[in-house]
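Residue strings, one per chain:
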Amino acid sequence: MSVTPDDEGFMAAAIRLSRRHLGRTATNPSVGCLIVRDGVIVGQAVTAVGGRPHAEPQALAEAGQLARGATAYVTLEPCSHHGKTPPCAEALIAYGVARVVISVTDPDPRVSGRGITMLRDAGIEVDNGALEAEGRRSLAGYLTRQTKNRPYVTLKLAVSADGMIGRAGEGQVTITGPEARAEVQTLRAETDAILVGIGTAISDDPLLTVRTPGLEAQSPIRIVLDPSLALPLTSKLVATARDVPVILVASENVSPLAADAEGGTTPTDAADLDSRRAVLEGAGVEIVYCNPYHPEVLLPALATRGISSLLVEGGAKTARLFLEAGLVDRIQLYQAPVVIGEGGIESPLDATDIPSGFTHMGTQMFGVDRLDEYERGL
Ligand code: AOF
Ligand code: ZN
């Protein structure tokens, strides 16, 4: 048998379900699973918050006896390894499922085709690649970290009608309306970490958290590219570092080790830096010493910490840094009717100069603001 339009309908539902725990399953992918018998859904689940249990055993438990002879729809190949839980392929076999439809093969070297082989060896019919492009988009963070050793990077820009992203020296300037801002909060909640440059951190004094009621616990880790440890000690980021983690990416030459080295900082600088580090760390801020201008070095370091998705939110310089390094996977471009005029900070891009290699995925309206989404292949 091959994948039918009905199969695609159920897989679309499984993918939708999988999105429910995006950003909440730690380093595990958020997978959706449906158990369908005679066209009726008898079990459904998404990978649990924290990453375990996996989706399949939960959906099977809900289906119970009804799983015998049923079809399972899974957005990612069922696992074959004895990890922190027994293999999902074994559970599907034990429950007597007759057919498994999969969207995406698992690149995890412990699985990678073995899940499918286990199922087939047990006499289960397996169809792979159902709605694969959509499935891959839903697993973008996991797939990028597994195969490229870096997080999936989304660049979000809010641009005024005259092509500006803010006004110099004015802190946060309202560009998009409440509907678009609510949508960005949802995006933050789905993302592991959010990153801004020190310019934005100083001028905007942002919180970078999720404030949507019910989603507050899903704030991403907040990262600031702060080469010389200039983040104001009175900033909202420092004040809230114990509630939601803050990581400063500082140059190696402001590290405690550099202060001792020959040609390092002067004694006064060193004393000042020592006290800044002490206050920051005392407030719960983590400082990572890694060249902030080399995203190609920083991103693998973040992946190693288990960060699979990163949202770059500002400002123009940081956006350019990631664009020029070719390390943006998705662009979310909000265009608002607001006019900034005099003193505007020019956007690093607009709808007419999206870098080559990006495909326009669609347009949505949020109130009076227009969101255009562009993606590069995974
Ligand atoms: C599935 N269903 O819902 C998920 C899977 O650390 P462990 O033992 O939990 O294993 C993590 C791996 O399990 C992860 O890298 C990926 O291969 C798979 N995730 N597999 O069958 C699921 N979340
Ligand atoms: Zn599993």
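## As for the sheet that holds strand β10 (residues 246-250)
Taken together, the nine strands give an open sheet; going across it, the order is β11-β10-β9-β8-β12-β6-β13-β16-β15, and neighbouring strands pair in mixed fashion. Each edge of the sheet is formed by a strand with only one pairing partner; in this case those strands are β11 (286-289) and β15 (359-366). Between one strand and the next, the sheet's axes are offset by a mean angle of 20 degrees, whatever the strand orientation. Sheet strands in contact with helix α7 (residues 178-189) are β6 (152-159), β8 (193-197), β12 (309-314), β13 (330-335), β15 and β16 (369-375), and its direction is about 160 degrees off that of β13.

## Concerning the pairing of strand β3 (residues 71-76)
Judged by how many residues are buried, β3 sits mostly within the fold: six of six residues are covered. Here strand β1 (residues 32-37) runs beside β3; their pairing, made up of four bridges, is antiparallel. Looking at the pairing, valine 36 lines up with threonine 71 of β3. Bridge analysis of β3 against strand β4 (residues 99-104) gives five bridges, and the strand direction is parallel. Bridge pairing in β4 places valine 74 opposite isoleucine 102.

## Regarding the coordination of the zinc ion (ligand 2)
The expected angle between donors at a tetrahedral four-coordinate metal is 109.5 degrees. At an octahedral six-coordinate metal it is 90 or 180 degrees. The zinc ion (ligand 2) binds to the protein through His54 (ND1), Cys79 (SG) and Cys88 (SG), with metal-donor distances spanning 2.0 to 2.2 Å. For the zinc ion (ligand 2), the single-chain donor residues occur in sequence as H-x24-C-x8-C. Taken together, the residues histidine 54 in the loop between β2 (40-46) and α2 (55-63) and cysteine 88 in helix α3 (residues 88-94) connect sequence positions 34 residues apart. Both residues of the pair, histidine 54 and cysteine 88, belong to the buried class.

## Some points on the sheet that holds β3
With respect to topology, five strands assemble into an open sheet ordered β2-β1-β3-β4-β5, the strand pairing being mixed. Each having just a single partner strand, β2 and β5 (125-128) make up the two edges of the open sheet. With direction set aside, neighbouring strand axes in the sheet form an average angle of 15 degrees.

## Brief notes about the domain arrangement of the chain
Per the domain assignment, the segments making up the chain are domain 1 (5-138) and domain 2 (150-375). If you average the C-alpha positions of domain 1 and of domain 2, the two centres end up 35 Å apart. Taken together, the contact pairs five residues of domain 1 with seven residues of domain 2. Of the roughly 580 Å² buried where domain 1 meets domain 2, counting both sides, 41% is carbon and sulfur surface. On the surface where domain 1 and domain 2 come into contact, there are one salt bridge. Notably, a salt bridge pairs glutamate 375 with arginine 137, separated by 2.6 Å at the nearest N-O pair. Seen at the junction of domain 1 and domain 2, the total is one residue pair in polar contact (both at pLDDT 80 or more). Residues that form the side of domain 1 that touches domain 2 fall into these classes: one nonpolar, two polar and two charged.

## Overview of unusual backbone geometry
Most of the time, phi is negative for any residue but glycine, and the peptide bond is trans. The step from arginine 52 to proline 53 runs through a cis peptide bond, and the omega angle for that step is -5 degrees. Tracing the sequence through the fold places proline 53 in the loop between β2 and α2. Of note, the amide linkage connecting glycine 314 to glycine 315 takes the cis form, showing an omega dihedral of -10 degrees. Its location among the elements puts glycine 315 in the loop between β12 and α13 (316-324).

## Thoughts on the environment of proline 300
Relative to the helices and strands, proline 300 resides in helix α12 (residues 295-304). When the C-alpha positions of proline 300 and arginine 145 are compared, they lie 8.4 Å apart, and in sequence the two are 155 residues distant. For proline 300, the contacting residues outside a window of four places in its chain are Asn149, Arg150 and Pro295.

## What about the pattern of salt bridges?
Within the structure shown, the criterion is met by 16 salt bridges. Put simply, arginine 99 and aspartate 7 hold a salt bridge, and the shortest N to O gap is 2.7 Å. Here the residue arginine 99 occupies a position in strand β4, and aspartate 7 occupies one in helix α1 (residues 5-18), the gap between them amounting to 92 residues. You'll find arginine 99 and aspartate 7 in the same group, each marked buried. Across the salt bridge formed by aspartate 108 and arginine 110, the nearest N and O atoms sit 2.9 Å from each other. Assessed through its relative accessible area of 7%, aspartate 108 is described here as buried. Each of Asp7, Arg99, Glu125 and Asp127 takes part in one network of salt bridges that share partners.

Analysis parameters
- Residues numbered from 1 in each chain as written.
- Chains lettered and ligands numbered in written order.
- Predicted model: local features only at pLDDT ≥ 70, side-chain atom pairs only at ≥ 80, totals over all residues.
- Heavy atoms only, no water.
- Pairing = 2+ DSSP bridges.
- Helix = DSSP H or I, 4+ residues; strand = E, 2+ residues; numbered from the N terminus.
- Axes fitted to C-alpha atoms, helices over the stretch in contact; angles between N-to-C directions.
- Contact = heavy atoms within 4.5 Å.
- Buried < 20%, exposed > 50% of the residue type's maximum accessible area, 1.4 Å probe, protein only.
- Donors = N, O, S within 2.8 Å, 3.2 Å for Na, K, Ca; no water.
- Domains from an automatic or database assignment.
- Buried area = accessible area lost by both parts, 1.4 Å probe.
- Salt bridge = Lys/Arg side-chain N within 4 Å of Asp/Glu carboxyl O.
- Polar contact = N/O pair within 3.5 Å; in protein donor to acceptor, adjacent residues only side chain to side chain.
- Nonpolar A, V, L, I, M, F, W, Y, C, P; charged D, E, K, R; others polar.

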